[in-house]
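Below are the chains, spelled out letter by letter.
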Amino acid sequence: MTAQSTNLESLPSDLKKELLPLHVAVIMDGNGRWAKRRGLPRIMGHKRGVDILKDLLRCCKDWGIKALTAYAFSTENWGRPQEEVEFLMTLFQRVLRQELREMLQENVRIGFVGNLKALPNALQAEISRSMEETKDNRGIDFNVATNYGGRQEIIQACRAIAEKVDKGLLQPHEIDEATFEDHLYTAQNSDPDLIIRTSGEMRLSNFLLWQAAYSEIYFTDTLWPDFDRNEFRKALSAYQQRDRRFGKV
């Protein structure tokens, strides 16, 4: 639990349980700006952001939301200063190692989506261990998008399908949406019902481009390190006011 998180352990009375999204995805933006406004190094914003994410995961579990996907590191983030990138890789590894026991106790199943082969070997090992040890958990699915890019995901899916066609394992007329989805990083996951982006930016930034086709999107000016349970409640309240028609009348 974070120091500033609000005491909202049970579902707030203004939210309807039957209208909750099954799957929430978050673009966690604003860590650096949060730190800068306080005269702190950017890495302190990332540390605070991890605490917020941990509490949001517990909040989703408390309130009955079945899946949470977090955009932790994009394919474009490699362009950040090397010191910051190295810190983030170390932070991911340390958090996985330190939090695994608690994730097991809280029945969290951890998954990762993205090009994981490009990550440091030590981090890959922690990722594999966490996924293996939590694979039978059913309390909540926690998906971490790491070295993830939506365009790159679509390209690699096209290549994988093309290889199968070339080998005669798949006919072109057999390719449909289900076939394509089976070759995405997120093949085992449902599409997000709600995507939240913090810090006032109003774009997807290469996140879940295929999967977001009918997601509701919520933008907030709140920086990620300040996105507590009360802010999450506001996002869910806005979601429950939406009329999701999926292209129908």
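Residues numbered from 1 in each chain as written. Predicted model: local features only at pLDDT ≥ 70, side-chain atom pairs only at ≥ 80, totals over all residues. Heavy atoms only, no water.

## Brief notes about the packing of aromatic side chains
In this description, a pair of aromatic rings is defined by centroid distance and the angle of the planes. Per the counting criterion, the structure on display carries 11 aromatic pairs. The interplanar angle of 5° and the centroid separation of 5.8 Å between the aromatic rings of tryptophan 63 and phenylalanine 232 together place this pair among those described as stacked. Of this pair, tryptophan 63 sits in helix H2 (residues 42-63) while phenylalanine 232 is found in helix H7 (residues 229-239), placing the two residues 169 residues apart along the sequence. Owing to a relative accessible area of 1%, tryptophan 63 belongs among the buried residues under this scheme. Note on phenylalanine 232: relative accessible area 0%, which makes it buried. Centroid distance tyrosine 148 to phenylalanine 207: 6.1 Å. Interplanar angle 85°. Geometry classified as edge-to-face. Residue tyrosine 148 is found in strand E4 (residues 140-148), and its partner phenylalanine 207 is found in the loop between strand E5 (194-197) and strand E6 (216-219); the two are separated by 59 residues along the sequence. (Phe/Tyr/Trp six-rings, centres within 6.5 Å; stacked < 30°, edge-to-face > 60°. Helix = DSSP H or I, 4+ residues; strand = E, 2+ residues; numbered from the N terminus. Buried < 20%, exposed > 50% of the residue type's maximum accessible area, 1.4 Å probe, protein only.)

## Topic: helix H3 (residues 82-105)
Under the 1.5 Å per step criterion, the end-to-end length of H3 is 35 Å for 24 residues, consistent within 8% with the ideal 34 Å. Remark: the principal bend of H3, roughly 50°, maps to glutamate 99. For H3, the full list of buried residues reads Glu84, Val85, Phe87, Leu88, Met89, Leu91, Phe92, Leu96, Glu99, Leu100 and Met103. Check the buried side of H3 and you find it contacts H2, strand E2 (67-74), strand E3 (108-113), helix H4 (121-134) and E4. Following H3 by one or two positions, asparagine 107 adopts a phi angle in the positive range, close to 65°. (Expected span 1.5 Å × (residues − 1). Bend = angle between axes of the 7 residues up to and from the residue. Contact = heavy atoms within 4.5 Å.)

## Remarks on the confidence of the model for the protein chain
Confidence along the protein chain averages 94 in pLDDT terms, with 97% of residues attaining 70 or more. In the predicted structure, residues 1-6 sits below a pLDDT of 50 and forms 16 contacts with residues beyond four places in sequence or in another chain. (pLDDT = per-residue confidence, 0-100.)

## Describing the pairing of strand E1 (residues 23-27)
Most of E1 is tucked away, with five of its five residues classed as buried. Because side chains alternate across E1, one face comprises the buried residues His23, Ala25 and Ile27, and the other comprises Val24 and Val26, equally buried. In this sheet, E2 lies alongside E1 in parallel orientation, the contact comprising five bridges. When the sheet's bridge partners are listed, valine 24 is paired in E2 with leucine 68. With four bridges joining them, E1 and E5 adopt parallel strand pairing. Within E5, the residue paired with valine 26 across the bridge is isoleucine 196. (Pairing = 2+ DSSP bridges.)

## Quick look at the nonpolar core
Ranked by internal contacts, the top residues of the largest apolar core, which has 44 residues, are Val26, Leu68, Phe142, Ile196 and Phe232. Top contributing element to this core by residue count: H3, with nine residues. Leave out the neighbours within four places in its chain, and isoleucine 196 touches Val24, Ala25, Val26, Ile27, Tyr218, Phe227, Phe232 and Ala235. Residues Tyr71, Ala145, Phe207 and Ala212 belong to the second largest nonpolar core, which totals 10 residues. (Core = buried A, V, L, I, M, F, W, Y, C linked by side-chain atoms within 4.5 Å.)

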